[in-house]
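What follows is each chain in one-letter form.
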2 protein chains.
Amino acid sequence: MSSTVGRHAAREQRLDAIFQALGDRTRRALLARLAQRPAMITELAAPFAMSLPAVSRHIRVLEGAGLVARTVDGRVHRCALHAAPLRSAAAWLQQYRRFWQGSLESLARYVERR
Amino acid sequence: MSSTVGRHAAREQRLDAIFQALGDRTRRALLARLAQRPAMITELAAPFAMSLPAVSRHIRVLEGAGLVARTVDGRVHRCALHAAPLRSAAAWLQQYRRFWQGSLESLARYVERR
DNA sequence: GCGATATTTAACATTTATATTTAATATCCA
DNA sequence: TGGATATTAAATATAAATGTTAAATATCGC
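**Focus on the relation of the copies chain B and chain A**
For these two chains of identical sequence, chain B goes onto chain A by a turn of 180° and a shift of 0.0 Å along the axis, with RMSD 0.0 Å. Given the turn and translation reported, the copies of this chain are related as if by a two-fold rotation axis. Of the residues that chain B buries at the interface, 100% are likewise interface residues in chain A, meaning the two copies contact each other through the same surface.

Spelled out as structure tokens, the structure:
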């Protein structure tokens, strides 16, 4: 699994997991909450109109993408944001920066011309 | 639907669609291909070990997220990258930049100390 | 008009995602 | 010990995603 294609597939798989995890507003809200400070599961679940097991599984998805780290402390599971994978996602998006920059500049030029 | 919550929900929905669209490696590969130059459906589908209808639907998902624009020219559907929504995704990610930067700086300090 | 080409639609099968409710498990603490 | 708390697991239902093949639709070009 140390071949070039293997590494490529693994990176793609990680991006799949990261973007899929981000593709749900509940999970993005959980990340936003964790960006404030770490929190236990019950605390994280409280604001949502959704059962605790449902939130628990959303958190597991975030963990699977490497976006949340869990520390078990007695019966309390404390969750913390782990932002490193977001960096990979941002790096992927930056590849396309010139395209949206391009269209913005085109728009600017267009607006100036009038 | 022009209330603040309405707008918020709409933005969340758009982010859902964008991130979900990006959460599939076939679709990311299609975007990468379209970043070279526009192409028709058949052209886009050719490299994939997957039926044409399957690719056609992936493209529709990208369209749904606003990432691909289609121009019908006779029987040929020409697709072009439309990167603007990626900017929203990047903007969302930038909110978290300080977290991954933070860990990078910590690492740098740690490496320096030794 | 007719056959070849480009694409979608339909019908279908399979898998994955998401949510619920009800148990089970583990820990805390009086 | 025993009841309250924190969390997961199991069972279940539904919906959505993904892929296939075969048929339908529309256009091209002779």
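**Re the sheet that holds strand β2 (residues 68–73) of chain B**
All names here are of chain B. Ordered by their spatial adjacency, three strands build an open sheet running β1-β3-β2, and the pairing between neighbours is antiparallel. The sheet is open, and its two edges are formed by β1 (39–40) and β2, each paired on a single side. As paired strands, β1 and strand β3 (residues 76–81) are joined by two bridges and run antiparallel to one another. Each residue of the ladder has a partner; that of Ala39, found in β3, is Cys79.

**A word on the protein's contact with DNA strand C**
Around DNA strand C sit 20 residues, and of these Ser51, Ala54 and Gly74 of chain A together with Thr42 and Ser56 of chain B come closest. Put simply, the parts of the chain that give the surface near DNA strand C at least two residues each are α4 (52–64) of chain A together with α3 (41–45), α4 (52–64) and β3 of chain B. The residue inventory of the surface near DNA strand C, partitioned by class, reads nine nonpolar, eight polar and three charged.

**Overview of the interface of chain B and chain A**
Each partner contributes to the interface: chain B provides 23 residues, whereas chain A provides 23 residues. Those elements that provide at least two residues to the side of chain B that touches chain A are α1 (4–22), α2 (25–36), α5 (84–94) and α6 (97–113) of chain B. Classifying every residue of the side of chain B that touches chain A gives 14 nonpolar, three polar and six charged.

What counts and what doesn't
Residues numbered from 1 in each chain as written. Chains lettered and ligands numbered in written order. Predicted model: local features only at pLDDT ≥ 70, side-chain atom pairs only at ≥ 80, totals over all residues. Least-squares fit on C-alpha atoms with pLDDT ≥ 70 in both. Contact = placed C-beta atoms within 7 Å. Pairing = 2+ DSSP bridges. Helix = DSSP H or I, 4+ residues; strand = E, 2+ residues; numbered from the N terminus. Near = placed C-beta within 6 Å. Nonpolar A, V, L, I, M, F, W, Y, C, P; charged D, E, K, R; others polar.

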